[in-house]
Amino acid sequence: VQLVESGGGLVQPGGSLKLSCAASGFTFSNYAMSWYRQAPGKERESVARIGSVGGSTNYAASVKGRFTISRDNTKNTVYLQMNSLKPEDTAVYYCNTYWWGNNYWGQGTQVTVSS
C-alpha cells in the first residue's frame, strides 16, 4: 500500500487549497479513505472520511462547511478541498486507509495558513 499526498503550501487566511492523495497497492474503490492532520505539539486528529460505496462523508466539527472530501475511483485518488482557511488549520495533513487490519499513512503534506 502506498499513499502519496500533494497540494500543500502557504496560504493566507480566507484562502483555499486542494490536497490530493494518490493511492496504490490495493483495490482503492473498495475502501474508505480519510484525511487526518497534526499540528505542532498536538495529537493527530481526524479531519474527514469518505466511504467506499456511495461516497458517504463525515467531517470534524472544526472543518464542517469549509472542507470537502471527494474521491475519483478511476484515478485512485482522494481529495480534500479546503476553503475559508484559518491559521488554526495549519498542520501536516495525512492521507489514511485501513486495510486488512492495518492503518496506512502517507508521508504528509504541510499546510500553513498565515498572513
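Scroll up to find the structure this text is about.
This section reports on the structure supplied with the text.

Cut-offs applied
- Per chain, residues are indexed from 1 in the order of the written sequence.
- Only residues with pLDDT of at least 70 get local features here, since the model is predicted, and only at 80 or more are side-chain atom pairs given and counted; chain-wide, interface and lining totals rely on the full set of residues.
- Only hydrogens and water are set aside; all other atoms, that is, all heavy atoms of the structure, feed into the side-chain values.
- Here a salt bridge means any side-chain nitrogen of Lys or Arg lying within 4 Å of a carboxyl oxygen belonging to Asp or Glu.
- Under the scheme used here, helices are H or I runs from DSSP no shorter than 4 residues and strands are E runs no shorter than 2 residues, and both carry numbers assigned from the N terminus.
- Throughout, exposure labels follow a simple rule: accessible area from a 1.4 Å probe, protein chains only, divided by the maximum for the residue type, with under 20% read as buried, over 50% as exposed, and the rest as partly exposed.
- Any two strands are treated as partners once DSSP identifies two or more bridges connecting them.
- Note on geometry: axes are lines fitted to C-alpha atoms, helical ones only across the stretch in contact, with angles between N-to-C directions running from 0 to 180 degrees.
- We call a pair of cysteine sulfur atoms a disulfide whenever their separation is within 2.5 Å.
- Counted as a polar contact is a pair of N or O atoms within 3.5 Å, where, for protein atoms, one must be capable of donating a hydrogen and the other of accepting one, and residues adjacent in sequence contribute only when both atoms are in side chains.
- Note on contacts: a residue pair qualifies if any of its non-hydrogen atoms lie within 4.5 Å across the two residues.

With that settled, the discussion passes to the pattern of salt bridges. For side chains bearing opposite charge, pairing can occur when the charged atoms are close. Within the structure shown, the criterion is met by three salt bridges. Of the charged contacts in the structure, one is a salt bridge between D89 and R37, with a shortest N-O distance of 2.9 Å. With a gap of 52 residues between them, D89 in the loop between β8 (77-82) and β9 (91-99) and R37 in strand β4 (residues 33-38) connect regions that are remote in the sequence. A relative accessible area of 0% means that D89 is categorised as buried. Its relative accessible area of 6% is what places R37 among the buried residues. Connected through shared salt-bridge partners, R37, E45, R66 and D89 make up one network.

A separate point is unusual backbone geometry. Despite not being glycine, N76 shows a phi value in the positive range, around 50°. Relative to the elements of secondary structure, N76 occurs in the loop between β7 (67-72) and β8. Even without glycine at this site, S84 takes up a positive phi of about 50°. Of note, S84 is situated in the loop between β8 and β9.

The next thing to look at is the sheet that holds β7. Taking strand neighbours across the sheet as the criterion, the four strands line up as β1-β3-β8-β7 in an open arrangement whose pairing is antiparallel. The open sheet has two edge strands with one neighbour each: β1 (2-6) and β7. Across the sheet, the mean angle from the axis of one strand to that of its neighbour is 15°, orientation sign disregarded. Two elements, strand β3 (residues 17-24) and β8, share six bridges in a ladder whose sense is antiparallel. Paired with A22 across the two strands is T77, which belongs to β8.

Let us look at the state of the cysteines. In total, this model carries one disulfide according to the counting rule given. The side chain of C21 participates in a disulfide bridge whose partner is C95; the two sulfur atoms lie 2.1 Å from each other. Judged by the torsion about the S-S bond (-80°), the C21/C95 disulfide is left-handed. Highlighted residues: C21 in strand β3 and C95 in strand β9, separated in sequence by 74 residues.

All right, on to the side chain of T77 then. Here T77 is to be found in strand β8. Of the polar contacts made by the side chain of T77, one reaches the backbone oxygen of K75; its length is 2.8 Å. Setting aside its immediate chain neighbours within four residues, T77 contacts S20, C21, A22, F28, S70, R71 and D72.

Taken together, the five bridges between β4 and β9 define a ladder with antiparallel strand orientation. The partner of R37 across the bridge, within β9, is Y93. Bridge analysis of β9 against strand β11 (residues 109-113) gives three bridges, and the strand direction is antiparallel. Counted as the bridge partner of A91 is V111 from β11. Sheet analysis places β9 next to strand β10 (residues 102-105), joined by four bridges and oriented antiparallel. Bridge pairing in β10 places W99 opposite N102. Counting the residues in the hairpin turn of β9 and β10 gives two residues, including W100, whose phi is positive at 50°.

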